[in-house]
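Understanding the architecture of this molecule
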Amino acid sequence: MTRASPLNRLVQAVAASRPGAWFFSRTLHHFDKLLLALSGGRLTVTSLLAGLPVVMVTTTGAKSGQPRTTPLICIQDPQAPATFALIATNWGQAHYPGWYHNLKARPEATCRRGGRTARYRAHEAAGAEYDRFWSYAAAAYHGYPLYKQRITGRHIPIMVMTPAED
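Here the structure is a predicted model, which is why all the values come from computation and not from measurement.

Looking along a regular strand, one sees side chains alternate from face to face of the sheet. Of the two faces of strand E5 (residues 108–113), only the one carrying Ala109, Cys111 and Arg113 is buried; Glu108, Thr110 and Arg112 on the other face are not. As defined by bridge partners, strand E1 (residues 54–60) adjoins E5 across 3 bridges and the pair is classed as antiparallel. Bridge assignment links Val57 to a residue of E5, and that residue is Cys111. Of the pairings in the sheet, the one linking E5 to strand E6 (residues 116–124) comprises 6 bridges and is antiparallel in character. Residue pairing in the sheet places Glu108 in a bridge with Arg121 of E6.

What follows is the structure, encoded as structure tokens:
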């Protein structure tokens, strides 16, 4: 894991706050998509300012059947470098994010990270695997434990993404 700069820590602190989470949950994905397009898929606002790795996840809509692309923080698995996790905190909101419902309904996704696009298969982490990925997530972004404190009435799912077999 890379060491966060003072700017990265400041941006992460703002994003983890209630007002920051409210603002960024409504705007950041638009800015991330724009910067991704302008940089040829190399940069997002989240990676640039917060120092967090981002993956573009394209799921199939659970109800619509249409492709849905969302920039998400990528939690790398140090034990299996091709595998990563997505944390469904939805910025500390009470409801699950749409991408989580999509992956539950259709666990196949196309993901772009590090300039490469590949197919992945999702499964929901449980038990020791959940605990392991939660510890990685909390170490990568201090906002996750704060979101967990704010979320009541629902479990925070972790979706583990493994490369799909061709």
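Below, the discussion takes up the pairing of strand E2 (residues 67–73). As judged from the 7 bridges shared by E1 and E2, these two strands associate in the antiparallel manner. Among the inter-strand pairings, Val54 is bridged to a residue of E2, identified as Ile73.

Every α-helix carries 3.6 residues per turn, so stepping three or four residues along brings you back to the same face. For helix H2 (residues 18–38), built from 21 residues, the straight-helix expectation of 30 Å at 1.5 Å per residue is met to within 8% by its first-to-last C-alpha distance of 30 Å. Along H2, the helix axis deviates most sharply at Ser25, where the bend reaches about 45°. For H2, the set of buried residues is Gly20, Ala21, Phe24, Ser25, Thr27, Leu28, Asp32 and Leu36. Turning to H2, the residues buried within the fold contact helix H1 (6–16), helix H3 (45–50), E1, E2 and helix H6 (143–150). One or two positions beyond H2, positive phi appears at Gly40, with a value near 70°.

This next bit is on the sheet that holds E2. Pairing is antiparallel in the open sheet, where 7 strands are placed in the order E2-E1-E5-E6-E7-E4-E3. Edge strands, defined here as strands with exactly one partner in the open sheet, are E2 and strand E3 (75–76). Each of E1 and E2 touches H2; the most contacted strand, E2, lies at about 95° to it. Helix-sheet contacts for helix H4 (residues 98–105) involve E1, E2, strand E4 (84–87), E5, E6 and strand E7 (158–163), and the interaxial angle to E7 is about 55°.

Thresholds applied
- Residues numbered from 1 in each chain as written.
- Predicted model: local features only at pLDDT ≥ 70, side-chain atom pairs only at ≥ 80, totals over all residues.
- Heavy atoms only, no water.
- Buried < 20%, exposed > 50% of the residue type's maximum accessible area, 1.4 Å probe, protein only.
- Helix = DSSP H or I, 4+ residues; strand = E, 2+ residues; numbered from the N terminus.
- Pairing = 2+ DSSP bridges.
- Expected span 1.5 Å × (residues − 1).
- Bend = angle between axes of the 7 residues up to and from the residue.
- Contact = heavy atoms within 4.5 Å.
- Axes fitted to C-alpha atoms, helices over the stretch in contact; angles between N-to-C directions.

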